[in-house]
Amino acid sequence: MPTNEYALFLHRFIQNPKQVGSVVPSSRFLAGTMVRSVPWNEVTAIAELGSGTGAITRFIAPQVTGSAKALLFEMDDMMKNDLQTTYPTFTCHSNACHLTKIMKQQGISQLDCIMSGLPFFNFKSALRETLLNEISEALKPGGYFIAFQYSLQMKKHLSEKFVIEKIDFVPFNFPPAFVYTCRKRELPNRY
């Protein structure tokens, strides 16, 4: 990763630590762990929340093939513009709180997978709840939600919304991180 990406990330962290969540972009070890959790042959639509400088996006991009659609969400305008330039076939948006609205605009009814680098625990509870509701509504039944966090503090909250299939610990990241691989609950059978 170019040095200027590290500098940009650090600068944005200093300006807004609760929104950025880390002083450096995610490591290739973290990105690899997240990407390996996805059944890519089933993915026709995916979103990445908190794309930042593209540390995880660069691992997602080779997997998104054919007519599959990818939505990137990044609040920081400079980072978002860089993402749009680097990944012109993906669409970039600012606010993940509008995920389902943007999906409709893009002609996407449900997502197969959502990957997230958002620092959920740093957010106020109302924002956290809005984001998790948007994620749940956007995913197809059985769809994947893969998120990294720097602690296990979100485990209980995530387990109320999703089925947590596994939690991987990634020590070779700064700071070390936990990758939650979750699935949206299947709809109950109705007779």
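Owing to the predicted nature of the structure, the values given are computational and were not obtained by experimental measurement. (Residues numbered from 1 in each chain as written. Predicted model: local features only at pLDDT ≥ 70, side-chain atom pairs only at ≥ 80, totals over all residues. Heavy atoms only, no water.)

Notes on the overall build of the protein
Across its full length, the protein carries eight helices and seven strands. Within the protein, buried positions represent 50% of all 191 residues. Contacts in the protein between residues far apart in sequence, at least 24 positions, make up 67% of those at least 6 positions apart. Surface summary for the protein: the accessible area is close to 9,800 Å², and the carbon and sulfur share equals 55%. (Helix = DSSP H or I, 4+ residues; strand = E, 2+ residues; numbered from the N terminus. Buried < 20%, exposed > 50% of the residue type's maximum accessible area, 1.4 Å probe, protein only. Contact = heavy atoms within 4.5 Å. Areas by Shrake-Rupley, 256 points an atom, 1.4 Å probe, with all protein chains shown as cover.)

Notes on helix 5 (residues 77–86)
Where helix 5 is concerned, the buried positions are Met79, Lys80 and Leu83. In an axial view of helix 5, the angular spread of the buried residues amounts to 100°, which keeps them on one side of the axis. The N-capping residue of helix 5, defined by a side-chain oxygen 3.1 Å from the backbone nitrogen of Met78, is Asp76. (Arc of directions from axis to C-beta. Polar contact = N/O pair within 3.5 Å; in protein donor to acceptor, adjacent residues only side chain to side chain.)

Some details on helix 3 (residues 28–36)
Listed in full, the buried residues belonging to helix 3 are Leu30, Ala31, Gly32, Thr33, Met34 and Val35. On its buried side, helix 3 packs onto helix 4 (57–60), strand 4 (111–116), strand 5 (139–149), strand 6 (163–170) and strand 7 (177–183).

Re the pattern of salt bridges
In this structure the tally under the stated criterion is five salt bridges. A salt bridge links Glu129 to Lys161; the shortest N-O distance between them is 2.6 Å. Pair noted here: Glu129 is in helix 7 (residues 125–138) and Lys161 is in helix 8 (residues 155–161), with a separation of 32 residues, a long-range link. Using a relative accessible area of 21% as the deciding quantity, one classes Lys161 as partly exposed. The partner of Asp168 in a salt bridge is Lys166, with the nearest N and O atoms 3.6 Å apart. Since its relative accessible area comes to 24%, Asp168 is described here as partly exposed. (Salt bridge = Lys/Arg side-chain N within 4 Å of Asp/Glu carboxyl O.)

Structural notes on the sheet that holds strand 6
Taking strand neighbours across the sheet as the criterion, the seven strands line up as 3-2-1-4-5-7-6 in an open arrangement whose pairing is mixed. Taken across any chain shown, the strands that pair with only one partner, and hence form the sheet edges, are strand 3 (91–93) and strand 6. With strand direction ignored, the average angle separating the axes of adjacent strands in the sheet is 15°. Here strand 6 pairs with strand 7 via seven bridges, running antiparallel. Bridging from a neighbouring strand, Asp168 pairs with Val179 of strand 7. Across the sheet, helix 7 touches strand 1 (45–49), strand 4 and strand 5, and the angle it forms with strand 5 is around 140°. (Pairing = 2+ DSSP bridges. Axes fitted to C-alpha atoms, helices over the stretch in contact; angles between N-to-C directions.)

Some words on the side chain of Thr100
In this fold, Thr100 is placed in helix 6 (residues 99–105). Apart from residues no more than four positions distant in its own chain, Thr100 is found in contact with Glu134, Glu137 and Ala138.

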